[in-house]
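Spelled out, the chains give:
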Amino acid sequence: MELRHLRAFRAVMQTGSTVDAARIMGVSQPSVSRLLAEFEDAIGERLFIRANGRLLAREAAESLLVDVERTLTEIEGLRARAGGPVAPLRIAAPAGVVTRIFAPALRRLQADRPGHTVVAEIMSYHDIVGAVASGRVDMGFVKAPVAHPALDLVDLVEVGTDVVVPRTHPLAGRAVVRTSDLHAERLVLLGRNRPSRVQLDQIFQRARVRPRIVIETQAVSAACSFVREGLGITIANALLARAEAGPDLTCIPLADAPRHHFQLARLNRPLRPQALTLFAGHVRDVTRDLLAAGPFRPAPAEPDATGSPLLHKTAERL
């Protein structure tokens, strides 16, 4: 038995597919199939059952995974102490999250782990789910609801929707903006056909307000740039709205608007690199710092059987 057998087994456990496992390892699919067969021969037991084009782990495979993870983690630690190459931390998020949340979190991570290599990819929320599930990235910033059996989802925060206006705008002094207040405003709207945009369109319909849309875009940063140029006002989730607004724009809660629940997604596995755990904690802290001065609601905390809030348990998992 060799390390490549352990890595092939772990990759298949992560992805449920020899094709996706091959992509993670950078080898061919037949190579992964051969390594997996050799690993099963060495163990003396069949570890997977094929069903609907996927490889389902048997109980023996689940019990083996803990030992395999521990072995590979220890070997990677030995390599790091010996001055060998350490696998980079691979993360993914939409552009605004990478620049406004991941960047300061990575600065804090570098203070903990100087010189640790990071690969930061810019993707849509939808693409991030597939990238994490396939093992292409270690962690991604996603927007609920997400349902995938291979993913471990950690709640970050739930926020409302803000209207972003210049500080000189007549609405800037409001504590809250209602849909009826927007009937004559030029609007820069985000994400046509996205669930939150569909909800926003429904809110306009119920209020009998016909929105005056002058620009549509896909990024909160772009929308805020258009607002700065005096082209209109925008509506966005409060997390990125407040991260992008800066001192020249004001964010005001929109009444009866959609709420946005953000999470960190990672593969459901018993052992993880310490850098990944540290980074997750820094993302949580940066997110809360961004919202500390404004109205927002943390991820719901429901008591468990002992009476402790689940939000505290989430923080421990990070």
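Asker: Describe in detail the nonpolar core, supporting the description with residues and values.
Answerer: Judged by nonpolar contacts, the single largest core of 39 residues is most densely connected at I101, F102, F141, L239, L264, F279 and V283. The element best represented in this core is helix α5 (residues 95–112), accounting for seven residues. Beyond its immediate stretch of four places on either side in the chain, I101 contacts G96, F141, L239, V283, V286, T287 and L290. The next biggest cluster of nonpolar side chains, apart from the first, holds 19 residues, and it includes A11, A61, L64 and L65.

Asker: Tell me about the packing of helix α9 (residues 238–245) against helix α10 (residues 274–291), residues and numbers included.
Answerer: The N-to-C vectors of α9 and α10 enclose an angle of 75°; their axes lie 9 Å apart at closest approach. Comparing the axis directions of α9 and α10 gives the class roughly perpendicular. Between α9, through A238, L239, R242 and A243, and α10, the contact on the second element is made entirely by T287, L290 and L291. Considering only residue class, the contact of α9 with α10 consists of five nonpolar, one polar and one charged.

Asker: An account of the pattern of salt bridges is requested, with residue identities and associated values reported.
Answerer: Under the defined criterion, the tally for this structure stands at 16 salt bridges. The salt bridge involving E121 is made with R136; its shortest N-O contact spans 3.2 Å. Here E121, found in strand β4 (residues 118–122), pairs with R136, found in the loop between α6 (125–133) and β5 (139–143); they are 15 residues apart in sequence, far enough to count as distant. A relative accessible area of 25% places E121 in the partly exposed class. Measuring nitrogen to oxygen at the nearest pair gives 3.2 Å for the salt bridge that ties D152 to R266. Remark: R266 occurs in strand β12 (residues 260–267) and D152 occurs in strand β6 (residues 151–159); sequence separation between them is 114 residues. When salt bridges with common partners are traced through the structure, they connect R192, R197, D201 and E216 into a single cluster.

Asker: Run through the packing of aromatic side chains, naming residues and quoting values.
Answerer: Each aromatic ring pair is summarised here by two numbers: the centre-to-centre distance and the angle between the ring planes. What the rule picks out here adds up to six aromatic pairs. For the pair F102 and F279, a centre-to-centre distance of 5.1 Å together with 75° between the ring planes defines the contact as edge-to-face. Here F279 lies in helix α10 and F102 lies in helix α5, a separation of 177 residues in the sequence. Accessibility expressed as a relative area gives 1% for F102, which makes it buried. Here F279 falls in the buried class, since its relative accessible area comes to 0%. Arranged with centres 5.4 Å apart and planes meeting at 35°, the rings of F141 and F262 form a pair that is tilted.

Asker: Could you give me a rundown of the environment of L200, with the residues and numbers involved?
Answerer: The residue L200 is located in helix α7 (residues 195–206) in this model. We classify L200 as buried; its relative accessible area is 7%. As a C-alpha pair, L200 and T179 span 21 residues in sequence and 9.6 Å in three-dimensional space. If we ignore the near neighbours within four places in the chain, the residues touching L200 are L189, I235, L254 and P258.

Asker: Can you lay out helix α1 (residues 3–15) for me, pointing to particular residues and giving the numbers?
Answerer: Its 13 residues place the ends of α1 18 Å apart at the C-alpha level, agreeing with the 18 Å of an ideal helix rising 1.5 Å per residue. α1 sits mainly inside the fold: ten of its 13 residues count as buried.

Asker: Describe the environment of A144, naming the residues involved and giving the relevant values.
Answerer: Along the chain, A144 falls in the loop between β5 and β6. Here the alpha-carbon distance between A144 and Q263, two residues 119 residues apart in the chain, equals 6.9 Å.

Asker: Please set out the state of the cysteines residue by residue, giving values where relevant.
Answerer: One way to say it: the disulfide is the covalent bond shared by the sulfur atoms of two cysteines. Under the counting rule described, the total for this entry stands at zero disulfides. This cysteine, C224, is not joined by any disulfide, and C251 carries the nearest cysteine sulfur, 6.6 Å off. Note on C224: relative accessible area 0%, which makes it buried. Judged by relative accessible area, which is 22%, C251 ranks as partly exposed.

About the criteria used
Residues numbered from 1 in each chain as written. Predicted model: local features only at pLDDT ≥ 70, side-chain atom pairs only at ≥ 80, totals over all residues. Heavy atoms only, no water. Core = buried A, V, L, I, M, F, W, Y, C linked by side-chain atoms within 4.5 Å. Buried < 20%, exposed > 50% of the residue type's maximum accessible area, 1.4 Å probe, protein only. Helix = DSSP H or I, 4+ residues; strand = E, 2+ residues; numbered from the N terminus. Contact = heavy atoms within 4.5 Å. Axes fitted to C-alpha atoms, helices over the stretch in contact; angles between N-to-C directions. Parallel < 35°, antiparallel > 145°, perpendicular 65-115°, else oblique. Nonpolar A, V, L, I, M, F, W, Y, C, P; charged D, E, K, R; others polar. Salt bridge = Lys/Arg side-chain N within 4 Å of Asp/Glu carboxyl O. Phe/Tyr/Trp six-rings, centres within 6.5 Å; stacked < 30°, edge-to-face > 60°. Expected span 1.5 Å × (residues − 1). Disulfide = S-S within 2.5 Å.

Nothing here speaks to function; it is geometry throughout.
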